[in-house]
Amino acid sequence: MVKEAEVPSTAQTPSQDQTKPAQRPGNLAVKCPKCKEMLIGRDWEKNLRVCSRCSYHFKLSAYERIELLVDPDSFVETDSDIISVDPLNFVSSSQAYATRLDEERESISLNEAVVSGHATIENLPLALAIMDFRFIGGSMGSVVGEKITRTIELGIEKHVPVLISSASGGARMQEGLYSLMQMAKTSAALAKLGEAELPFFSLLTDPTTGGVTASFAMLGDVILAEPGALICFAGPRVIEGSMHMKLPEGSVTSEFVLQHGMIDAVVHRRELRQTLAKLLRLYTGVDRSK
Amino acid sequence: MGYELEFEKPLAELEKKIIGLQRKGDRLRPDEHKQLQEAERELRHRTEEIYSNLSSWQTVLVARHKDRPYPADYIRLICDDFFELHGDRAFGDDHAIMAGPAKLDGDTVMLICQQKGRDTKERQFRNFGMPHPEGYRKAGRLMEQAEKFGFPVISLIDTPAAFPGLGDEERGQSEAIASDLYLMARLRVPTIAVVTGEGGSGGALAISVTNRILMLEYSIYSVAPPEAAASILWRDTAFAPQAAEAMKISARELQALDLIDELIPEPLGGAHHNYRSTADHLKAALLKHLAELKQLSVEELLEQRYQKFRNIGRFGRVQAPVAQG
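Now for a look at the structure at hand. Within every chain, residues take consecutive numbers counted from 1 along the sequence as written. Labels follow written order: the first chain is A, the first ligand is 1, and so on. Predicted model: local features are reported for residues with pLDDT of at least 70 only, side-chain atom pairs are reported and counted for 80 or more only, and whole-chain, interface and lining totals are derived from all residues.

The next point concerns the overall build of chain A. The secondary structure listing takes helices from DSSP runs of H or I that are at least 4 residues long and strands from runs of E that are at least 2 residues long, numbered from the N terminus. Helix and strand counts for chain A stand at 9 helices and 10 strands. Each residue gets a C-beta atom placed from its backbone, and two residues are in contact if those atoms lie within 7 Å. For chain A, the share of sequence-separated contacts (at least 6 apart) that also reach a separation of at least 24 residues comes to 67%.

Right, here's the structure in full:
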């Protein structure tokens, strides 16, 4: 059941200036994890944090991605004050879930693994939810499911398209069946959005796996992916384990799923904004009353 | 059936004693006869004691028991005229999913089940109840068919997980599951899911987005296999029992959390001790819920189902900042 609980002290009250870009590395060098090239911070930023040599797309935080995609000052955040509680009193050998939540909120200055709201792209309105992998591996628990569902319901209410950007290691095990059920909850909301004849654009970023892939991420009317993202149901290690073989290089990435007919396009980060603008123009503004 | 699970040792010893005495038949002395009666009473009592207090992990062991009834057994015992349908009309036929129309108490329902397989040969044939994408697409096709003809959909769930192979990624395992979730959410017929054994994460949820979710008393429903959770959060699969406890995956725990609609009682010692009795309870529960759901209009069914899943989740809110000064 939806329940509201006591507030832990480390929860972040939403600040006014959430769209301010993160500290820029400037002259500092950044090493590409894929091709090992040393990239100059300033150039790397200019290149939208994409390796200029091999096009490896570095992860972006939710706010960085929002700034990249939407019209300046158009983003209005919703439900930033919703936070996870610990419904199962979950404790593992590494850590207690409640402690993990406190630490994550403190160190990342983010309340959860998804930021939701509405904005415009080239003046066209949309509702959007952008996941952030830094918060417990972008795992989906009650709050991620709730915020994504509310974003979809906002789309229905405002009669605008919905964009969800995924970055996730899968369902959040610390919330047990509550997490699994978020797959059903979000998919059901999308089914309602579909009945309202509103489009859902799904953007897959590195990594998009497990219960997130097997629910809303793969239900886009249009599904886009950044190049080279890990996109799969089971992780590579699990696949290797079940098949007793080593996976070839480049398996279960964006290009793989495109080749196998599972997504619509692989889009370089520098083209994402204009691609979304085009999709918004194509899929809205149709007068069905005639 | 025997008592082979580790925590059933005291029961196994009592059973051994009982069998030893029973073998004597007519040659039983009066005091031995009394011993036999006491042993039988003691066995019932100890079984009740143990089974009314099963831990999450012990429940896992019963849910995975090699002699536990499978959906095919329940179909045989509670339905008539089951006709299995095959194929996804695109790629192939997945044998982990067994589905088709049947008569339940005179009315046609569409059954969608996962079947693990009893012996080695059957287990391989059914891929241990772990469906491929074509299995989920077969399920989707038959759910749409059920909607076309107005048949209620009944899912009997017993799977360790959806199969995680490379071919499954190629054929879109995640898309197949997601599509079933989407389809089931708006299906215009009454739908009921019963977890009879293992509710193995997304692979189980794919056929479980229903108006009612029921679980047999010693079944489990988990976001991830305990072994996988142990591997990630305890860094060792040997901690599967701890992971099971932490995730609270047993039917009883899920009922206590209000996450399921009904717990169906099993006979003393688990379903494998009495297939008939378990099947009778299952049938009664299905008929009861079907009767209730049939009272609802299609719109009411859809809204009830939407709200059921809409309301699952636990969260809090940040307090308003305290004024400084």
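Now for the overall build of chain B. Counting secondary structure elements, chain B contains 14 helices and 8 strands. A globule of 325 residues ought to have a C-alpha radius of gyration of about 20 Å, and chain B, at 22 Å, matches this closely. Principal-axis analysis of the C-alpha atoms gives chain B an extent of 75 × 70 × 45 Å. Our exposure labels follow a C-beta count within 10 Å of each residue's own C-beta, placed from the backbone: buried means 20 or more other C-beta atoms, exposed means 12 or fewer, and partly exposed covers the counts in between. In chain B, which comprises 325 residues, the proportion classed as buried is 51%. Each radius of gyration is computed over the set of C-alpha atoms, and the globule rule expresses the reference value as 2.2 Å times the number of residues to the power 0.38.

Here the focus is the interface of chain B and chain A. Contacts between chain B and chain A engage 47 residues on the former and 62 residues on the latter. For the side of chain B that touches chain A, the elements supplying multiple residues, two or more each, are α7 (166-170), α8 (173-185), α9 (201-205), α10 (226-234), α11 (240-247), α14 (298-310) and β8 (315-317) of chain B. In the scheme used here, Gly and all other residues not listed as nonpolar or charged are polar, with Ala, Val, Leu, Ile, Met, Phe, Trp, Tyr, Cys and Pro taken as nonpolar and Asp, Glu, Lys and Arg as charged. Grouping the amino acids of the side of chain B that touches chain A by side-chain chemistry returns 27 nonpolar, 10 polar and 10 charged. Strand pairing is defined by DSSP finding a minimum of two bridges between the two strands. As defined by bridge partners, strand β4 (residues 82-84) of chain A adjoins β8 of chain B across 3 bridges and the pair is classed as antiparallel. Paired with Ile-83 of chain A across the two strands is Gly-316 of chain B, which belongs to β8 of chain B.

A word on helix α4 (residues 142-158) of chain A. Residues and elements named next belong to chain A. What a helix should span is 1.5 Å times the count of its residues minus one. Taking 1.5 Å per residue, 17 residues should reach 24 Å; α4 reaches 24 Å between its end C-alpha atoms and fits that length. Most of α4 sits out of view: 12 of its 17 residues are buried. Of the positions making up α4, those classed as buried are Ser-142, Val-143, Val-144, Gly-145, Glu-146, Lys-147, Ile-148, Thr-149, Thr-151, Ile-152, Leu-154 and Gly-155. After α4 finishes, the residue His-159 shows a positive phi value of roughly 55°.

Attention shifts here to the packing of helix α5 (residues 176-195) of chain A against α14 of chain B. Axis angle and axis distance: for two packed helices, these are the angle between their axes and the distance between the axes, and together they describe the pair. Following both chains from N to C, one finds α5 of chain A and α14 of chain B inclined at 135°, their axes separated by 8 Å at the closest point. Taken together, α5 of chain A and α14 of chain B sit at an angle that is classed as oblique. The way α5 of chain A lies across α14 of chain B gives a crossing that is left-handed. Facing α5 of chain A, whose interface residues are Met-181, Ala-184, Lys-185 and Ala-188 of chain A, α14 of chain B presents Tyr-306, Phe-309 and Arg-310 of chain B. To obtain each axis, a line is fitted to C-alpha atoms, and for helices this fit is confined to the stretch in contact; angles are then taken between N-to-C directions over 0 to 180 degrees. Just so you know how the angles are binned, under 35 degrees is roughly parallel, over 145 roughly antiparallel, 65 to 115 roughly perpendicular, and the rest oblique. A crossing counts as left-handed when the near helix is turned anticlockwise from the far one by less than a right angle, and as right-handed when that turn is clockwise.

Residues and elements named next belong to chain A. The buried fraction of strand β5 (residues 114-121) amounts to 7 of the 8 residues, a majority that puts the element mostly inside the structure. Where strand β3 (residues 76-78) and β5 come together, 3 bridges link them in antiparallel fashion. Paired with Thr-78 across the strands is Ser-116, a residue of β5.

For the purposes of this analysis, a nonpolar core is taken to be any set of buried Ala, Val, Leu, Ile, Met, Phe, Trp, Tyr and Cys residues that are connected through C-beta atoms within 7 Å. Ranked by size, the top nonpolar core spans 162 residues in total, and within it Leu-111, Ile-112 and Leu-181 of chain B carry the most contacts. By residue number, the principal contributor to this core is α5 of chain A, which donates 11 residues. With 5 residues, the next largest nonpolar core counts Tyr-3, Leu-11, Ala-39 and Leu-43 of chain B among its residues.

Here we take up unusual backbone geometry. Backbone torsion omega between Asp-206 of chain A and Pro-207 of chain A reads -10°, so that peptide bond is classified as cis. Relative to the elements of secondary structure, Pro-207 of chain A occurs in strand β8 (residues 200-208). Although it is not a glycine, Leu-48 of chain A adopts a positive phi angle of roughly 65°. Locating Leu-48 of chain A in the fold gives a position in the loop between α1 (41-46) and α2 (62-69). A positive phi angle is found at Asn-127 of chain B, which is not glycine, with a value near 50°. Looking at the secondary structure, you find Asn-127 of chain B in the loop between α5 (120-125) and α6 (133-149).

Coordinates in, geometry out; function isn't part of it.
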